[in-house]
Structures are given as structure tokens and as C-alpha cells.
Amino acid sequence: MKAQAIIPAAGEGTRMGSDTPKIFLPLAGVPMIVHTLRAFEACASVDKVVLVVHPEYASEYRSLVEDHGLTKVKEYITGGVRRSESVGNGLTYVDSDCGIIVVHDGARPLIKPNLIDKAVAQCVTDRAVVLGVPVKQTIKKINALEGTVERTLEREQLWEIQTPQVFHRDLLVEAYEHAKSLDVTDDASLVEQIGIKVKVMQGDYFNIKVTTPDDVAIAEKLLAMESVG
Ligand code: CTP
Ligand code: MG
């Protein structure tokens, strides 16, 4: 089945604290968003990318796409204040004959093309698929006001959820229309809100979201390893 991608890349990158949005930061000499788009360029299952952009930098995204020969980026859409609004803005720009939508954070430049393809294949039967990895650390719920532990969560039940997240088009459109709250950090949350079971597929611990300056250092190391291997 044909799939197309929406890549939200319109965030401010507040936690990174850089002058320009973090997705323009160089990683191994190339802007973060270019690494992400290259993975989509290389995957077999996606034939078009809808790039959701920060309105103040519209021309920068276009230049990067042209300079790096990224042929699958066919639409540039202005993002919203929240991530969910950014993805929501992109929904109508997926071709009407495309049955599967892949959503992937612009800030996850280490995604492997074959994992995108695997998630798309899984979505054909499972309708809603997210990548994730089992949590390795002990996670505690804390009382932020007191700075004390409320309780320790059972690690066996905890997975760290990543993108890509892949959905049958109708399902994702319905989730965006009917979700009670758009105050979420991923798309599966909206699909869960309309009562649909979301399949969790084993992802890759290297598929980090570059969020704070220490993540930049980690991403650089991981990319350097890849270029050697
Ligand atoms: N994103 C977006 N539109 C928004 C917010 C986020 O398109 N209004 C995108 C980001 O560009 C990023 C992805 O969603 O590729 C994941 O968001 P996050 O890591 O939170 O990035 P930022 O929102 O940019 O960072 P911060 O939360 O630190 O401001
Ligand atoms: Mg954010």
C-alpha cells in the first residue's frame, strides 16, 4: 500500500536554547532536518513528504531541500503552536488516494530507512503502529511541588515511545477531528482517545529525539559511528 509522510519540523526548540530552531543545527556537518529527510529519501515505502515548517524560516527549509536534492518533499506547510496542530495542518496535503500516513519528528535524525518500511508494512494489518523501546531505567512518579517520590512504576509495563507512528489515513483524520484534547506530545495519543488499539513495534535505541544540548553530542557520536560502519 502507498504511504506518505508528514514531518513536523516547526517547533521552536525551546529546550535546546539555540538561536534558530534546533532542526537547523548541524550534526556531522549537515543540518538535523536533512538527516531526517535523507532517511525518507532512502526508504522504499514512502513516496511523498509533507514538511511542516516554522513560518519565520520558510525559505531556509526550501533551500536545504533543494541543495541536498531531497526529491520526496513535495509540500511545505506552516506549523501551529503545538506539535499536534502542526501535524493536523499537514493532514489535508497527503494525496487523497494515499491510504497510510507516516508521522515522524523532524528532530529524530537517526531513524533508519528500513524501520520506516517495517512500520508501514505492519500498519497494513494493524491500522495504528508506533515504534518504541522497553525502558531500561527505574522510573518513579514524583510530586513535583514537594520534590518527593509518589510511587515507583512497574518497569515491565513501560516503553519509551518514538516516531515513526503510522496510521491508516481515515483513522488519523478521525482522531484529529474527534480528539477531546490536542494537548498531547504524539499522534497515537489522539488515536487512543477515540478508542483504537495502537500496536507497539520494537524500535531502535539509537532513534533518539534531539531535544537538549547533550542530545546533540550523542547524535554526533552515533552518526560518526554509522559513517564508519
Ligand atoms: N514540532 C512542530 N510544531 C510545534 C512543535 C513541535 O512541528 N508547534 C515538531 C518539532 O520541530 C520536532 C517535533 O515536533 O521535530 C518534536 O517536538 P519537540 O522535540 O518538542 O521539538 P520542539 O517543540 O521544537 O522543542 P521544545 O519542546 O524544546 O520547544
Ligand atoms: Mg516541543
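Further up the page is the structure itself.
Being a predicted model, the structure only gives us computed values, none of them experimental.

(A) Region of interest: the state of the cysteines. Using the criterion set out here, one finds zero disulfides in the structure. With no disulfide of its own, C98 lies 10 Å from the sulfur of C123, the closest cysteine sulfur. For C123, a relative accessible area of 0% gives the class buried.

(B) Fine view of the site of ligand 1. Taken together, the neighbourhood of ligand 1 is formed by 18 residues, with T14, R15, K22, S86 and K209 sitting nearest. One of the backbone N or O atoms of P8 is found 2.8 Å from an oxygen atom in ligand 1. Considered on its own, ligand 1 offers 560 Å² of accessible surface; in the complex 88% of this is hidden by protein. Among the elements of the structure, strand 1 (3-9) and helix 3 (83-90) are those that each provide at least two residues to the shell around ligand 1.

(C) Region of the structure containing the packing of aromatic side chains. A full pass over the atoms with the stated rule returns two aromatic pairs. When the ring centre of Y205 is taken as reference, the NZ or CZ atom of K136 above it lies at 3.9 Å.

About the criteria used
- Residues numbered from 1 in each chain as written.
- Chains lettered and ligands numbered in written order.
- Predicted model: local features only at pLDDT ≥ 70, side-chain atom pairs only at ≥ 80, totals over all residues.
- Heavy atoms only, no water.
- Disulfide = S-S within 2.5 Å.
- Buried < 20%, exposed > 50% of the residue type's maximum accessible area, 1.4 Å probe, protein only.
- Near = heavy atom within 4 Å.
- Polar contact = N/O pair within 3.5 Å; in protein donor to acceptor, adjacent residues only side chain to side chain.
- Areas by Shrake-Rupley, 256 points an atom, 1.4 Å probe, with all protein chains shown as cover.
- Helix = DSSP H or I, 4+ residues; strand = E, 2+ residues; numbered from the N terminus.
- Phe/Tyr/Trp six-rings, centres within 6.5 Å; stacked < 30°, edge-to-face > 60°.
- Lys NZ or Arg CZ within 6 Å of the ring centre and 35° of its normal.

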